[in-house]
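# Examining the three-dimensional arrangement
Here's the letter readout for the chains.
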Amino acid sequence: MSACLADVRILTFNTRKLRFGGLLQLKEVLSGHILSPENQVARLEKMLEVSRKLHATLELGALLALVVETALEIIEAEAAAVLLLNHKSGELWLEAATGTWDKRATPTMVPLEGSIAGWIIRSGEFLVVDSLPEDGHRFSEIDKLPLFAVHSILGAPLKFNEKTIGVLEVFNKRVEGSFTSDDIHLLNTLAGQAGVAIENARMFEQGDEVAKLVQELASPVTSIVDFSQLMLADPEMNPDHWRTGLESVNRKAVYLAQTVDSFLDLTRLETGRMELNWQAVNLQTLVQETIAQAQPLALEKNISLSFQAPDNLPEISADAGRLGQALSCLLENAVQYNHPGGAVTVTISANEVRVQVAVVDTGLGIAPHELGLIFNKFYRVEKNGAKTGGAGLGLAIAKRIIQAHGGDLWVESELGEGSRFTFSLPLAG
Ligand code: ADP
């Protein structure tokens, strides 16, 4: 069986074939097929067991797989899928499906306007489409997915606290021609349970993030406690030792403060609560100032820093402080992850509409499988079994700062040869 699913536009349906979930419509649906009492009890028992399993599964991927498999089984359909609203972007994404569809290989966004799932999200009600027109060409311009031959769809809203957070859909009844009132009832019940379990799993995943932060802070906190206790326990301590201890406590405390600041910055950027102080910025000056700040670290590591920019670069509209923060992260990384005697070059180029800044280094480079991961928060490249550098928040923040300016940041790299981080920004006006 082909595993790909199609979410098709509602506008092209024959409306006589649609049933949807207000009370009046439910009555109409109830006049359809009814299951025998034994079967109803069996299904109810199944639902109770499912409910227990759903709430015991906290890993989101495993939970979604369980939801689609369960829907497939209890509704006796040919395929099932879960679509979820992204909390940040508000977009609706296909998150899980029965069969071989692979989220990473074929990420699939479904438009809220004109799609079945979008209709369910907006109305918060179930929808049955009994018979889709056979001629696939009416949908082909809409769906990029290879079309699973969909004849009928039953979809139910996934809700949490009265808010619709996604959609559970089943496709093509395996035995009977169309979905029954029991199917509708069961899918709605399953969706009700699943909505709560999914939101809990999402919250648990966010909790993981806080756990990562705490993990990150635990080691410097322990060092501060140990050093300060040592110093307090020995009032006669040699002044040199005392100073070394105090410097170490200060270093750890500064690292703590910076990591907490970075985490707060990232949270503000992710939730759209970071306010940018827009002003006319001379990019050339900003780059030169940032290079000057990185110079002591570069000298320490014996790395040369150079800069190229065209004349008459127009000013851009930006938050100089935040842009400097992003640039400084790229420069410090280019120095930090470089070989002694290596080089870092910053190049600015521009056309009529955009300006590009590239930070190129002759350093360690990044393996192809890690290129897509380094912008993730808390992601650090493992090197010789040991983690390198800081908390793994710098690039995540830099990328979001650039995006908040209407631009983007990306990387090209060759392991052992060096890396090129480039960001592009719109020109003012
Ligand atoms: P960190 O605080 O660990 O530097 P970042 O988010 O800035 O965190 O970077 C994430 C990871 O990406 C780093 O741990 C490092 O391994 C890798 N990285 C970043 N910049 C470079 C670079 N210029 N060359 C090689 N690796 C880099």
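Each chain carries its own residue numbering, running from 1 in the direction its sequence is written. Only residues with pLDDT of at least 70 get local features here, since the model is predicted, and only at 80 or more are side-chain atom pairs given and counted; chain-wide, interface and lining totals rely on the full set of residues. Heavy atoms from the whole structure form the basis of all side-chain values; hydrogens and water molecules are not counted.

As a structural note, the neighbourhood of the ligand is formed by 20 residues, with Asn333, Tyr337, Asp361, Val381 and Leu395 the closest of them. We define a polar contact as two N or O atoms separated by no more than 3.5 Å, with the added condition that, inside protein, one atom must be a possible hydrogen donor and the other a possible acceptor, whereas residues neighbouring each other in sequence contribute only through side-chain atom pairs. Here an oxygen atom of the ligand and a side-chain polar atom of Tyr337 are 2.8 Å apart. Ala391 has a polar backbone atom sitting 3.4 Å from an oxygen atom of the ligand. Against a free-state accessible area of 540 Å², the protein chains account for coverage of 95% of the ligand. Residues are classed as near a molecule or strand on a simple rule: at least one heavy atom within 4 Å of it. Residue exposure ignores everything except the shown protein chains as possible cover, and the areas themselves are Shrake-Rupley values with a 1.4 Å probe.

All buried positions along helix α11 (residues 394–404) are accounted for by Leu395, Ala396, Ile397, Ala398, Ile401 and Ile402. Here, residues are in contact when the closest pair of their heavy atoms is within 4.5 Å. Labels follow the DSSP assignment, with helices taken as runs of H or I lasting at least four residues and strands as runs of E lasting at least two, numbered in each case from the N terminus. In the core, the buried residues of α11 are packed alongside α7 (239–270), α9 (320–336), β15 (408–414) and β16 (418–426). Two residues or fewer past α11, Gly406 is found with a positive phi of approximately 80°. Relative accessibility under 20% of the residue-type maximum defines a buried residue, over 50% an exposed one, and the middle range a partly exposed one, all with a 1.4 Å probe and only protein chains included.

A word on the pattern of salt bridges. Definition used for salt bridges: Asp or Glu carboxyl oxygen within 4 Å of a side-chain nitrogen of Lys or Arg. Inspection of every chain in the model, using the stated rule, returns eight salt bridges. Measuring nitrogen to oxygen at the nearest pair gives 3.1 Å for the salt bridge that ties Arg243 to Glu247. Here the residue Arg243 and the residue Glu247 both occupy positions in helix α7, the gap between them amounting to four residues, near one helical turn. According to the relative accessible area criterion, Arg243 is exposed, its value standing at 53%. Between Lys377 and Glu270 there is a salt bridge, with its nearest N and O atoms 2.3 Å apart.

Time to look at the sheet that holds strand β11 (residues 343–350). The sheet built from five strands is open, its strands ordered β9-β11-β12-β16-β15 with mixed pairing. With one partner strand each, in any of the chains shown, β9 (304–308) and β15 form the two edges of the open sheet. Direction aside, neighbouring strands of the sheet carry axes that sit 15° apart on average. Bridging between strand β12 (residues 354–361) and β16 involves eight bridges; their strand directions are antiparallel. Each bridged residue has a counterpart across the sheet, and for Val355 the counterpart in β16 is Leu425. To obtain an axis, a line is fitted to C-alpha atoms, over the contacting stretch when the element is a helix, and the angle between two such axes runs from 0 to 180 degrees between their N-to-C directions. Packing of α9 onto the sheet brings it into contact with β9, β11, β12, β15 and β16, and relative to β12 it is tilted by some 25°. Two strands pair under a simple rule: DSSP has to find at least two bridges between them.

Aromatic rings in a pair are described by how distant their centres are and how their planes are angled relative to each other. Between 30 and 60 degrees the pair is tilted, below 30 it is stacked and above 60 it is edge-to-face, where a pair is any two Phe, Tyr or Trp rings, Trp via its six-membered ring, whose centres lie within 6.5 Å. Per the counting criterion, the structure on display carries two aromatic pairs. A ring pair is formed by Phe263 and Phe378, whose centres lie 6.1 Å apart and whose planes are at 35°; its orientation type is tilted. Taken together, the residues Phe263 in helix α7 and Phe378 in the loop between α10 (368–371) and β13 (382–383) connect sequence positions 115 residues apart. A relative accessible area of 13% places Phe263 in the buried class.

Before going further, it helps to spend a moment on the nonpolar core. Only buried residues count toward a nonpolar core. Its members are Ala, Val, Leu, Ile, Met, Phe, Trp, Tyr and Cys residues joined through side-chain atoms within 4.5 Å. The biggest cluster of nonpolar side chains holds 55 residues, and the ones touching the most others in it are Leu283, Ile316, Leu323, Phe421 and Phe423. The element that contributes the greatest number of residues to this core is α9, accounting for nine residues. Counting residues in hydrophobic clusters, the runner-up holds 37 residues, among them Met47, Ile165, Val170 and Phe179.

Here the focus is the packing of α7 against α11. At their nearest, the axes of α7 and α11 sit 10 Å apart, and the two run at 35° to each other. Between α7 and α11 lies a crossing whose hand is left-handed. Between α7 and α11, the contacting residues are Ser262, Asp265, Leu266, Leu269 and Glu270 on the first element and Ala396, Ile397, Arg400, Ile401 and Ala404 on the second. All amino acids are sorted into three groups, where Ala, Val, Leu, Ile, Met, Phe, Trp, Tyr, Cys and Pro are nonpolar, Asp, Glu, Lys and Arg are charged, and the leftover types, Gly among them, are polar. Here the residues of the contact of α7 with α11 sort into six nonpolar, one polar and three charged. Crossing handedness is defined as follows: a turn of the near helix away from the far one that is anticlockwise and smaller than a right angle gives a left-handed crossing, while the clockwise case is right-handed.

Right, let's talk about helix α3 (residues 60–75) for a bit. Helix span, expected: 1.5 Å multiplied by one less than the number of residues in the helix. Taking 1.5 Å per residue as the helical rise, α3 with its 16 residues ought to reach 22 Å, and the 22 Å between its terminal C-alpha atoms agrees with that figure. All buried positions along α3 are accounted for by Leu60, Leu63, Leu64, Leu66, Val67, Val68, Thr70, Ala71, Leu72, Ile74 and Ile75. Downstream of α3 by a residue or two, Glu76 has a phi angle that is positive, lying close to 55°.

Here we take up the confidence of the model for the protein chain. Scored by pLDDT, the protein chain comes out at a mean of 82, with 81% of its residues at no less than 70. Known as pLDDT, the predictor's per-residue confidence is scaled from 0 to 100. Across residues 21–33 the pLDDT falls below 50, and counting only partners more than four positions away or on other chains, this stretch makes 15 contacts in the model. Scored below 50 in pLDDT, residues 135–146 makes 18 contacts in the model with residues more than four places away or belonging to other chains.

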